[in-house]
Amino acid sequence: MHYDFPACIQHPRRVFSGSTPSSQVKLYLQPYHLTKKTLPLFSYDVNKSNAKAWIIDGWESFIESYHSTKSNRRVYYEIIQDGIPTKLFYDIDYKIDADNDIFDMNECIKIIKKYTDICLKKHFNVDTVPEMIELDSSSSTKKSRHLVYQFFMKNCAQVGYFVHDVVDSMTK
C-alpha cells in the first residue's frame with residue numbers, strides 16, 4: 001500500500017540546542033506521535049565540533065525560513081522519525097581507497113534503480129515509477145549519494161523491509 005504525504009499540523013517553530021538535546025526532542029514529540037500527527041524535525045550543525053541544534057517546525061514555515069537563509073548556510077538534515085510515513089530512500093556510501101578505487105557509483109545507482117523499479121511494480125502495483133531525486137554528498141574521502149523516491153511508505157521499518165527485498169532480488 002502506498003501512503004500519501006503525512007498530514008502535518010501547523011506548529012510554532014521550536015529550537016532545541018545543547019550537547020544532547022535528543023531526549024528533550026523525543027519527550028516533546030511524544031504526545032504528537034501518540035495522536036498520529038506529524039511534526040517535521042530537522043537538525044543543523046551549530047559549529048565545526050558537530051554540535052547540533054534541532055528544529056521542530058511546520059513544512060511551510062520551515063521552507064520559508066530555509067529560503068530566507070543565506071545559501072551557504074542552508075545545510076539542514078531532515079530527521080526520519082519512527083512510526084510515521086517515510087519516503088523510500090537509499091544512502092549509498094563508499095570509502096575511497098587510493099590503492100583500489102574500482103567502485104563505479106554510477107553503475108551501482110543504475111542497478112539499484114532497475115531493481116527498485118521492479119520491486120515497486122511487484123509489491124505496490126505502480127504503473128509509473130515515482131520520481132527519484134539524487135543528491136551527491138561525496139567528499140575527498142568517500143563517494144556518497146542519497147536517492148530519495150517521491151513515494152511514501154508506512155514507516156521506516158517498511159522502507160527497510162523493501163530495501164532488503166530489493167537487495168535480495170539483485171542476488172537471485
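In case you missed it, the structure is sitting above this.
Visitor: Is there a simple way to think about the overall build of the chain in this case?
Guide: Each helix and strand counted, the chain has four helices and seven strands in total. Each helix and strand of the chain, ordered N terminal to C terminal, gives the series β-α-β-β-α-β-β-α-β-β-α. Counting across all 172 residues of the chain, residues that qualify as buried make up 29%. Within the chain, contacts between residues at least 6 apart in sequence are counted, and of these 67% link residues at least 24 apart. Here the chain displays about 11,400 Å² of accessible surface, and carbon together with sulfur accounts for 53% of that area.

Visitor: I would appreciate a short explanation of the packing of aromatic side chains in the present structure.
Guide: Describing an aromatic ring pair means giving the distance of the ring centres and the angle of the ring planes. Per the counting criterion, the structure on display carries four aromatic pairs. For the pair Tyr 90 and Tyr 149, a centre-to-centre distance of 6.4 Å together with 65 degrees between the ring planes defines the contact as edge-to-face. In this pair, Tyr 90 sits in strand S5 (residues 86-95) while Tyr 149 sits in strand S7 (residues 142-153), placing the two residues 59 residues apart along the sequence. Side by side, Tyr 90 and Tyr 149 carry an identical accessibility label, which is buried. A centroid spacing of 5.1 Å and a plane angle of 70 degrees characterise the contact between Phe 124 and Phe 151, whose relative ring orientation is edge-to-face. Of this pair, Phe 124 sits in helix H3 (residues 105-124) while Phe 151 sits in strand S7, placing them 27 residues apart in sequence. For Phe 124, a relative accessible area of 14% corresponds to the buried category. Overall, the relative accessible area of 3% leaves Phe 151 in the buried class. Each residue in the set Phe 124, Phe 151 and Phe 162 is aromatic and connected to the rest through ring pairs, giving one cluster.

About the cut-offs
Residues numbered from 1 in each chain as written. Predicted model: local features only at pLDDT ≥ 70, side-chain atom pairs only at ≥ 80, totals over all residues. Heavy atoms only, no water. Helix = DSSP H or I, 4+ residues; strand = E, 2+ residues; numbered from the N terminus. Buried < 20%, exposed > 50% of the residue type's maximum accessible area, 1.4 Å probe, protein only. Contact = heavy atoms within 4.5 Å. Areas by Shrake-Rupley, 256 points an atom, 1.4 Å probe, with all protein chains shown as cover. Phe/Tyr/Trp six-rings, centres within 6.5 Å; stacked < 30°, edge-to-face > 60°.

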